[in-house]
Structure formats: C-alpha cells, structure tokens
Amino acid sequence: MIKQADILSDFLDTKTIDALSEFLDKSENYETSADIIAATFGFVKDFSKMDEDQIKQLVSSFKHNLTLLIQKIWVEKSDIALKDQLLYQLDIFLSNEAWKDNYSLFLQMINQAVFLMFGQKPDSPDFAEYSVRIDPEFGIFWWYISNLPPKAESDWTEEKCRIAIMLGMFFLANY
C-alpha cells in the first residue's frame, strides 16, 4: 500500500487521502470524510445528506451502468458463467434494502466486475498500482474499494454501510 500511497499523492491531496482513514476509523461523525471522498469522485456537495429521491436516482443509474458494463465486457468462454452470476447478484443486491446486509455482496460484485474488466485478480498486490497508472480516476476508486473492510465492521451502522456502498455506486454510476 505504501507504493500505492506514493502514486496516489500525485493525484490526491493529503486531506483526501486522510479522509478515507477517518471514514473507516470513526463510528460517528464520518459524514465529512465521506463528503470529501465523494467530491473526489465528482459529487458536488453534501453526499452524506442525499434525500430519498437522490438515492433512488443513484441506485437506478448504478444499476443501468453496471448492467451495461457487465453486458458489454468481452470475456473468455470460461468466464461467461461469472458474467451471468454477476448479473444475478446485482438483482439480489438491488432487491435487498438492508445496506449492512448488502455490504459484503457489494464488494464481491465489484471485485468480480473488476476481474472481468481487467482479466486479473484485483486483490493481487500489483493491481492497485496498475489501475492508477492506466486510469487514475479508476485507480482512485480502486484505492477506495480496496481499503474497505471485507465485511462491515461490528460498529458500522446501517447508515455508515449505506454511505460506504453509495460512494462506490456513485463512482460506477458515472464511470
């Protein structure tokens, strides 16, 4: 991760890099950190204060863009089943309204989609550096995703899980 942090410092200011640690570590008052991360992804202001209509629009855009992305990815014959499974998981994810329950599934879907897109395991040590070098915006997104815990921490509320997922959704809805 040190190498990744060095590379990221070419694209992000210290405030933004620190915001991720603050978001992950705080059990309360993490909204400002989430707003800083969202601004990095292009959200104008008050990401953490989205109303229900904005959330519905985000979920709709995320579904549309991720579905399109999955459908348009050319894959080897051996990966067609993974592609179909990912579309099925997306439907399951979208049918469950409990953000905390969806947290691990969301990360699993993102990892599978990234594997299909790039043809390599996103959890490999070199992938983070590779992603920043080929597409800095995507690399910053991957820095965010790869630093999230694989399962929602016990002290993470439904609201914190919602914000963590929505940050990833926002990037993919606009990628």
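Residues numbered from 1 in each chain as written. Predicted model: local features only at pLDDT ≥ 70, side-chain atom pairs only at ≥ 80, totals over all residues. Heavy atoms only, no water.

**Some details on the packing of helix α6 (residues 99-118) against helix α8 (residues 136-147)**
Here α6 crosses α8 at 145°, and the two axes come no closer than 12 Å. Remark: the crossing between α6 and α8 carries left-handed chirality. For the pair α6 and α8, the contacting residues are Phe 106, Leu 107, Ile 110, Asn 111, Val 114, Met 117 and Phe 118 in the first and Phe 138, Phe 141, Trp 142 and Ile 145 in the second. Residues belonging to the contact of α6 with α8 are distributed by class as follows: 10 nonpolar, 1 polar and no charged. (Axes fitted to C-alpha atoms, helices over the stretch in contact; angles between N-to-C directions. Helix = DSSP H or I, 4+ residues; strand = E, 2+ residues; numbered from the N terminus. Left-handed = near helix turned anticlockwise from the far one by under 90°. Contact = heavy atoms within 4.5 Å. Nonpolar A, V, L, I, M, F, W, Y, C, P; charged D, E, K, R; others polar.)

**Observations regarding the pattern of salt bridges**
Scanning all chains against the criterion turns up 2 salt bridges. Where Arg 133 meets Glu 129, a salt bridge forms, and the shortest distance between an N and an O atom there is 3.1 Å. Here Arg 133 pairs with Glu 129, and both are found in helix α7 (residues 127-134), just 4 residues apart, close to one helical turn. When its relative accessible area of 57% is taken as the criterion, Arg 133 is described as exposed. Between Glu 159 and Arg 162 there is a salt bridge; the shortest N-O distance is 2.5 Å. Of the two residues, Glu 159 and Arg 162 both sit in helix α9 (residues 158-173), 3 residues apart, roughly one turn of that helix. For Arg 162, a relative accessible area of 8% corresponds to the buried category. (Salt bridge = Lys/Arg side-chain N within 4 Å of Asp/Glu carboxyl O. Buried < 20%, exposed > 50% of the residue type's maximum accessible area, 1.4 Å probe, protein only.)

**Points about the nonpolar core**
In terms of nonpolar packing, the biggest core is built from 61 residues, with Phe 62, Phe 106 and Tyr 144 touching the most fellow members. Here Tyr 144 is in contact with Leu 20, Phe 23, Ile 37, Phe 41, Ile 163, Ala 164, Leu 167 and Gly 168, once residues within four sequence places are set aside. (Core = buried A, V, L, I, M, F, W, Y, C linked by side-chain atoms within 4.5 Å.)

**Notes on the packing of aromatic side chains**
All chains considered together, the criterion is met by 22 aromatic pairs. Residues Phe 43 and Phe 170 carry aromatic rings whose centres are separated by 5.3 Å and whose planes lie at 80° to one another, so their mutual orientation is edge-to-face. Of this pair, Phe 43 sits in the loop between α3 (31-40) and α4 (52-72) while Phe 170 sits in helix α9, and the two are 127 residues apart along the sequence. For the residue pair Phe 43 and Phe 170, the accessibility class agrees, reading buried in each case. With a centroid separation of 6.1 Å and 85° between ring planes, the pair formed by Phe 118 and Tyr 130 is classed as edge-to-face. Taken as a pair, Phe 118 in helix α6 and Tyr 130 in helix α7 lie far apart in primary sequence, 12 residues in all. A network of ring pairs unites the aromatic residues Phe 41, Phe 118, Phe 127, Tyr 130, Phe 138, Phe 141, Trp 142, Tyr 144, Phe 171 and Tyr 175 as a single cluster. The ring of Phe 23 carries Lys 160 above its face, with NZ or CZ at 5.2 Å from the centroid. (Phe/Tyr/Trp six-rings, centres within 6.5 Å; stacked < 30°, edge-to-face > 60°. Lys NZ or Arg CZ within 6 Å of the ring centre and 35° of its normal.)

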